[in-house]
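If you want the building blocks of each chain, they are given just below.
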Amino acid sequence: MPPVSPFLRTAASYAWRLLVVGAAVYVVFALLGRFHEIAVAVFLGLVVTALLWAPTRRLARSVPRTIAVALTLMGSALLLLGVLTLVGEAVAGESTTLAREFREGLASIEAWLEKPPFRLNPQALSDVQSRIGEYLSSHRSTVLSQAVSGAGRLVHVLTVLALAVFCSFFFLHGGDRQWAWFCEQLPGTARERVTIAGRAGWRTFTGYTHGIVVVAATNAVLVGLALYFLGVPLAVPLALLEFFAAFIPLIGSPVALAVAAVVALAAKGPLVAGIVVALIVIIGQIEGHLLHPLVMSRAVRLHPLVVAISVVAGAIAAGVVGAVVAVPLVSVVWSVHSALREARQDGLREDGGEDRGDDRRESLRKDPRPADE
């Protein structure tokens, strides 16, 4: 039997190791998919902790830590409820005007589509509306069942939010002590590496969370001001949609602005809608060439192609939640890998320096003359 070539032996050793790593990753993601509500709640708790860690620490210098955590959480909840109330008031106040503008806008769109170059049949849109009405009337039971399932999903969402608040409270109250306790349970050989990895991962995650909030808030302010001056209705809700959509890099902001363009088309006509479409390009350039390099460069050192692939892969694997989680997850993994590699290289340099120093001392003991003699 001919001997196995070294290349094939090396490839086989790497192959079975890759199979084991792939199986472990598959098991982890399968467990996360099975208990995705818990995973999402813990992720949200970490996001809240990253955002509120600094103000909680400053407040804890004046009051007990428990009161500081409770005050920061309650203040953040009140701020969020205030923003949502403002959006609800804006929608309720513009509902009558918006309905009238939408009817007029749809009529103008129909007249516009009937002209060259489209030359759409005048009865086409009317047929579409009648078919939608017939579908809803004939599938009323299906619509009702979907509404009931939507109510059940609302219960799941509220449960996840409650668990996220619970996790964030204890993370803010004693997350550093919990991490120290976890590291103490590990073997001494792995404790230092886990400590380095945890510190690097948390620094990257915190930087990414702060940076994406700044980017999302800047995009929302720019979009809100532009829509307000253009006279597009629902400027505040659309700006809030832009804020939340910006948490999905490269994809979320254009989708939110596309929704704003549809509203502008129905309410103000094709000219204003074209200006809103131009905003997609302008804000994309500002976000990609100004905000991300200035705000996110220290926290996320990923190529835009890696970011895009991560977002698409996360969306395929877990929908919107996967698209939101993908980039911070990849960023944390890469930062942990980089930190461990630098620590290993530093250790090798120190070991090499000690060995060279020992060899030098041994040579001087045997022959004390300088090396150049």
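Let us look at the structure shown here. (Residues numbered from 1 in each chain as written. Predicted model: local features only at pLDDT ≥ 70, side-chain atom pairs only at ≥ 80, totals over all residues. Heavy atoms only, no water.)

Here we take up the side chain of Ser331. Structurally, Ser331 is set in helix α10 (residues 304–366). Overall, Ser331 belongs to the buried group, its relative accessible area being 4%. Once residues lying within four places of it in the same chain are set aside, the contact partners of Ser331 are Thr204, Val300 and Leu302. (Helix = DSSP H or I, 4+ residues; strand = E, 2+ residues; numbered from the N terminus. Buried < 20%, exposed > 50% of the residue type's maximum accessible area, 1.4 Å probe, protein only. Contact = heavy atoms within 4.5 Å.)

Summed over the entire model, instances satisfying the criterion amount to eight aromatic pairs. Centre to centre, the rings of Phe169 and Phe170 are 5.3 Å apart; their planes meet at 85°, and the pair counts as edge-to-face. Of the residues examined, Phe169 reaches a relative accessible area of 25% and is grouped as partly exposed. With 5.3 Å between their ring centres and 80° between their planes, Phe243 and Phe244 make a pair best called edge-to-face. Over the ring of Trp53 we find Arg65; its NZ or CZ atom is 5.3 Å from the centre of that ring. (Phe/Tyr/Trp six-rings, centres within 6.5 Å; stacked < 30°, edge-to-face > 60°. Lys NZ or Arg CZ within 6 Å of the ring centre and 35° of its normal.)

Residue placement: Ser253 occurs in helix α8 (residues 252–268). Using a relative accessible area of 6% as the deciding quantity, one classes Ser253 as buried. Discounting residues that sit within four places of it in the chain, Ser253 has contacts with Asn219, Glu242, Ala245, Ile248, Ile283 and Glu287.

For the pair helix α7 (residues 235–245) and α8, interaxial distance at closest approach is 8 Å and the crossing angle is 160°. By the angle between their directions, the pair α7 and α8 is classed as roughly antiparallel. Along this stretch, α7 crosses α8, giving a crossing that reads as right-handed. Residue-level contacts link Leu238, Leu241, Glu242 and Ala245 of α7 to Gly252, Ser253, Ala256, Leu257, Val259, Ala260 and Val263 of α8. For the contact of α7 with α8, the per-class residue count stands at eight nonpolar, two polar and one charged. (Axes fitted to C-alpha atoms, helices over the stretch in contact; angles between N-to-C directions. Parallel < 35°, antiparallel > 145°, perpendicular 65-115°, else oblique. Left-handed = near helix turned anticlockwise from the far one by under 90°. Nonpolar A, V, L, I, M, F, W, Y, C, P; charged D, E, K, R; others polar.)

On to the nonpolar core, then. Val223, Leu227, Val232, Leu238, Ala260, Ala264 and Val276 are the most contacted members of the largest nonpolar core, which has 15 residues in total. When contributions to this core are tallied by element, the ones reaching two or more residues are α6 (188–230), α7, α8 and α9 (270–296). Looking at this core, the element that brings in the most residues is α8, giving five residues. Setting aside anything within four residues of it in sequence, one finds Val232 in contact with Leu227, Leu238, Val263, Ala264 and Val272. Ile212, Ile248, Val307 and Val327 belong to the second-largest nonpolar core, a separate cluster that totals nine residues. (Core = buried A, V, L, I, M, F, W, Y, C linked by side-chain atoms within 4.5 Å.)

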